[in-house]
Amino acid sequence: MDAAAQAKIRLEIDFRKALHCGQLHIHYQPLVSLQTGEIECYEALLRWFDPVRGYVTPDTFVPLAEEMGLIDAVGRMVLQSACKEAKNWPKHVKLSVNVSPLQFRNGNLISTVVNALNAAELPPERLELEITEAALMEKGQRPATIINNLRGLGIGLSLDDFGTGYSSLSYLLNYPFTKIKIDKSFIRNIEHEAKSRAVIRGVIGLGRSLGLTVTAEGIESQSVADYLRNEGCMQGQGFLYGYAVPASELSILQEQVDENAL
């Protein structure tokens with residue numbers, strides 16, 4: 001127990017140092033139109049490479065940042081840096097940024113987003129925020145107020161990990177989401193399980209009926225992409241289209257996606 005406690009303390013010290021010394025880096029993974037094969041959006045994903053530990057997974061350092069009270073600082077850094085980078089992309093390509101449930105509840109999300117957009121001179125219509133069901137479970141009107149205000153600015157709102165929570169359908173009715181992302185756990189079994197295919201078909205139909213963009217996560221093969229396209233799914237994301245890469249490699253990734261589209 002003492003060893004575990006000491007290891008956690010060292011991890012906290014190193015993470016704080018990484019945040020303040022610029023050792024956290026943003027990588028970008030494409031979201032591709034399943035109809036045209038073109039890149040429509042990049043999702044900003046935070047990466048931490050520690051000189052001793054190597055790559056530390058987000059599943060490790062994001063909860064750590066929340067526990068240490070640093071998630072607002074981390075989220076602010078990601079938004080500011082990613083918005084500045086997105087300013088240089090083609091105007092039809094959007095930026096998607098994940099919002100931590102704790103970051104959502106802390107009350108300063110709107111000002112953080114507005115400041116990042118203004119500093120980068122990025123139109124709000126080119127930004128999408130990915131929100132999980134956990135961020136919406138707070139009682140009262142505050143979640144609705146925050147979401148409605150963000151949407152009122154023109155920012156897109158994506159319900160992430162759709163299908164894995166308890167109240168996803170009610171959220172679609174009560175909040176002005178513009179996109180739903182089908183969780184990769186459904187996509188993983190699509191070729192072998194009829195139930196997964198039935199769920200995916202239902203979600204795609206629901207999304208289209210509500211006027212929402214439907215994105216499938218975790219696409220790793222062309223056969224899965226073809227199936228989803230034939231079912232009417234609009235966007236795809238996964239290793240088939242490319243891993244998350246630094247901003248300096250986006251042009252190479254763009255060329256690879258263009259070649260596959262042809």
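Residues numbered from 1 in each chain as written. Predicted model: local features only at pLDDT ≥ 70, side-chain atom pairs only at ≥ 80, totals over all residues. Heavy atoms only, no water.

## Here we look at the overall build of the protein
Point 1. If you tally the helices and strands in the protein, you get 11 helices and 10 strands.
Point 2. Against the globule reference of 18 Å for 262 residues, the protein gives a C-alpha radius of gyration of 19 Å, in line with a compact fold.
Point 3. Each of the 262 residues in the protein was classed as buried or not, and the buried ones make up 45%.
Point 4. Summarising the internal contacts of the protein: among those between residues at least 6 apart in sequence, 66% fall at separations of at least 24.
Point 5. Accessible surface, the protein: about 13100 Å² in total, of which carbon and sulfur atoms supply 52%.
Point 6. Across the protein, the mean location of the 25 positive side-chain charges is 4 Å away from that of the 31 negative side-chain charges. (Helix = DSSP H or I, 4+ residues; strand = E, 2+ residues; numbered from the N terminus. Rg over C-alpha atoms; globule rule 2.2 N^0.38 Å. Buried < 20%, exposed > 50% of the residue type's maximum accessible area, 1.4 Å probe, protein only. Contact = heavy atoms within 4.5 Å. Areas by Shrake-Rupley, 256 points an atom, 1.4 Å probe, with all protein chains shown as cover. Lys, Arg positive; Asp, Glu negative; His and termini not counted. Charge placed at Lys NZ, Arg CZ, Asp CG, Glu CD.)

## Thoughts on helix H3 (residues 71-86)
Point 1. Look at H3: 22 Å from first C-alpha to last across 16 residues, which is about the 22 Å you get at 1.5 Å a residue.
Point 2. Listed in full, the buried residues belonging to H3 are Ile-71, Asp-72, Val-74, Gly-75, Val-78, Leu-79, Ala-82, Cys-83 and Ala-86. Mapping the buried residues of H3 onto a view down its axis gives an arc of 160°, with all of them on the same face. (Expected span 1.5 Å × (residues − 1). Arc of directions from axis to C-beta.)

## Considerations on helix H6 (residues 142-152)
Point 1. Here H6 has its buried residues at Pro-143, Ala-144, Ile-146, Ile-147 and Leu-150. With its buried residues spanning 165° around the axis, H6 presents them on a single face.
Point 2. Lining the buried residues of H6 we find helix H4 (101-105), helix H5 (109-120), strand E5 (127-131) and strand E6 (156-162).
Point 3. Immediately downstream of H6, the backbone of Gly-154 shows phi near 100°, a positive value.

## What about the packing of H5 against H6?
Point 1. Between H5 and H6, the shortest axis-to-axis distance is 10 Å and the interhelical angle comes to 15°. If you check the angle between H5 and H6, you find them roughly parallel. Once H5 is placed against H6, the crossing between them reads as right-handed. Side by side, H5 and H6 meet where Leu-109, Ile-110 and Val-113 of the first sit next to Ile-146, Asn-149 and Leu-150 of the second.
Point 2. Here the contact of H5 with H6 is composed, by residue class, of five nonpolar, one polar and no charged. (Axes fitted to C-alpha atoms, helices over the stretch in contact; angles between N-to-C directions. Parallel < 35°, antiparallel > 145°, perpendicular 65-115°, else oblique. Left-handed = near helix turned anticlockwise from the far one by under 90°. Nonpolar A, V, L, I, M, F, W, Y, C, P; charged D, E, K, R; others polar.)

## Looking at the side chain of Glu-217
Point 1. With respect to the helices and strands, the residue Glu-217 is situated in the loop between strand E8 (213-216) and helix H10 (222-231).
Point 2. One polar contact links Glu-217 to Lys-181, side chain to side chain, over a distance of 3.4 Å.
Point 3. With residues near it in sequence (within four places) discarded, Glu-217 still touches Asp-160, Asp-161, Lys-181, Ile-182, Asp-183, Lys-184, Ile-187 and Gln-237. (Polar contact = N/O pair within 3.5 Å; in protein donor to acceptor, adjacent residues only side chain to side chain.)

## Things to note about the confidence of the model for the protein
Point 1. Taken residue by residue, the protein gives an average pLDDT of 90. The fraction at 70 or more is 97%.
Point 2. Ranking the elements of the protein by mean pLDDT puts helix H11 (residues 250-261) last, at 78, and strand E9 (residues 235-236) first, at 97. (pLDDT = per-residue confidence, 0-100.)

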